[in-house]
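# Chain and residue survey
Chain residues, written in single-letter form:
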Amino acid sequence: MRIDVISIFPSYFDVLKVGLFGKAIENGTVEVNAVDLRNFATGVHRSVDDTPLGGGAGMVMKPEVWAKALESVVGEDDALITYPSASSPLFTQKTAHELSKEKRIVVCCGRYEGIDERVWQWCREKGWRVMGFCLGDYVLSGGESAACVMLEAVCRLLPGFMGNSASLEEESYENGILEHDQYTRPFLWRGIEAPAILISGDHGKVDRFRREESLEKTDRFRPDLIGRLSCSDLDKPDRKLLEGLGWDLSGDKPKKEE
């Protein structure tokens, strides 16, 4: 996969050169190009922003600067243009899987009050695919950190990125619920024991323990995820546990009893 990130702080993306992402760049699984937006600005100060039309606080990034940058970076390729925005659809694990199928992604990192909205209208009129995304119900100072999070979530799903692809299968959100807790040796650490079932050697009981722990954790922290499950996909032990936690499983979807 080829990734182009456009930002006024291109060095921000040096962080992608470490760890598994760095190895993926070295072995050719991912290609990352950081582009300085100011290279497409004019004037002595190479300004990329101006005051908002209609008044208000902050500054808005100029459309012409972004248009020139995108014309240079995108070219004729079939790239997906993405941009972090607090007013865009929520980025989820499902979104990450969808984006992992792309051959090329261009990420536009806004600053200040954001990028002039007409840039995205212009992109669509040119026939380019555009997708905004939001990481959560909070606001960041710029799109760079959000872009790094999104790119890691996407690229770790690429074949060859992870050392052991099996580690992806039981992670949070992959099966619709949160992942179970993790433990390692020693079994007794500073007076605290790990769950004894984990050293029982009974893989069936370990799997059941982890499944129940995942459901209980999801019930505590993200009950909305349980509400999205299909009751028909729940086995008998799942149903018994959830009913004990106050879930009504008589319909198509679980509903928390009041």
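Quick caveat, the model's predicted, so the values are computed rather than measured.

### Points about the pattern of salt bridges
All chains considered together, the criterion is met by 16 salt bridges. In this structure, the salt-bridge partner of Arg211 is Asp238, at a minimum N-O distance of 2.9 Å. With Arg211 in helix H6 (residues 203-221) and Asp238 in helix H8 (residues 236-244), this pair connects stretches of sequence that are 27 residues apart. Classification of Arg211 by relative accessible area gives partly exposed; the value is 24%. Owing to a relative accessible area of 2%, Asp238 belongs among the buried residues under this scheme. Its salt-bridge partner being Lys256, residue Asp219 comes within 2.7 Å of it at the nearest N-O pair. Within this pair, whereas Asp219 is found in helix H6, its partner Lys256 is found in strand E11 (residues 255-256), the two being separated by 37 residues in sequence.

### Focus on unusual backbone geometry
Cis peptide bonds are those with omega within 30 degrees of zero, and the linkage from Arg185 to Pro186 qualifies with 5°. Secondary-structure assignment places Pro186 in the loop between helix H5 (143-155) and strand E8 (188-189). For Arg46, which is not glycine, the phi dihedral falls at a positive 45°. Note that Arg46 resides in the loop between strand E2 (31-36) and strand E3 (49-50). Note on Arg46: relative accessible area 34%, which makes it partly exposed. In this structure, Tyr112 is a non-glycine residue whose phi angle is positive, near 60°. With respect to the element layout, Tyr112 can be found in the loop between strand E6 (104-108) and helix H4 (118-125). Relative accessible area serves as the criterion here: at 37%, Tyr112 is assigned to the partly exposed category.

### Topic: the packing of H6 against H8
The interhelical angle for the contact between H6 and H8, taken along N-to-C directions, is 35°, at an axis separation of 11 Å. When the axes of H6 and H8 are compared, the crossing they make is right-handed. Only Pro237, Asp238, Leu241 and Leu242 of H8 make contact with H6, whose side of the interface consists of Arg208, Arg211, Glu212, Leu215 and Glu216. Residues of the contact of H6 with H8, tallied by class, amount to 4 nonpolar, no polar and 5 charged.

### What to know about the sheet that holds E6
Taken together, 5 strands build an open sheet; the order of strands is E2-E1-E6-E5-E7 and the sheet is parallel. The open sheet has two edge strands with one neighbour each: E2 and strand E7 (129-133). When the angles between neighbouring strand axes are averaged without regard to direction, this sheet yields 20°. Here 5 bridges tie strand E5 (residues 80-84) to E7, and the two strands are oriented parallel to one another. Bridge assignment links Pro84 to a residue of E7, and that residue is Phe133.

### Re the packing of helix H2 (residues 63-74) against H4
In the contact formed by H2 and H4, the axes pass within 9 Å of each other and the chain directions differ by 35°. Seen from above, H2 lies across H4 with right-handed handedness. Residue-level inspection shows Pro63, Trp66, Ala67, Leu70 and Glu71 of H2 in contact with H4, the latter providing Arg118, Val119, Trp122 and Cys123. Tallied by class, residues from the contact of H2 with H4 come to 7 nonpolar, no polar and 2 charged.

### Overview of the pairing of E6
Within E6, 5 of the 5 residues are buried, leaving the element largely enclosed by the surrounding structure. The alternating pattern of E6 places Arg104, Val106 and Cys108 and Ile105 and Val107 on opposite faces, both of which are buried. Note: strand E1 (residues 2-7) against E6, 5 bridges, orientation parallel. Residue Arg2 lies in a different strand from E6, and its bridge partner there is Arg104. Remark: the E5/helix H3 (residues 93-99)/E6 crossover connection has right-handed handedness.

What counts and what doesn't
- Residues numbered from 1 in each chain as written.
- Predicted model: local features only at pLDDT ≥ 70, side-chain atom pairs only at ≥ 80, totals over all residues.
- Heavy atoms only, no water.
- Salt bridge = Lys/Arg side-chain N within 4 Å of Asp/Glu carboxyl O.
- Helix = DSSP H or I, 4+ residues; strand = E, 2+ residues; numbered from the N terminus.
- Buried < 20%, exposed > 50% of the residue type's maximum accessible area, 1.4 Å probe, protein only.
- Axes fitted to C-alpha atoms, helices over the stretch in contact; angles between N-to-C directions.
- Left-handed = near helix turned anticlockwise from the far one by under 90°.
- Contact = heavy atoms within 4.5 Å.
- Nonpolar A, V, L, I, M, F, W, Y, C, P; charged D, E, K, R; others polar.
- Pairing = 2+ DSSP bridges.
- Right-handed = clockwise from strand over helix to strand, strands pointing away.

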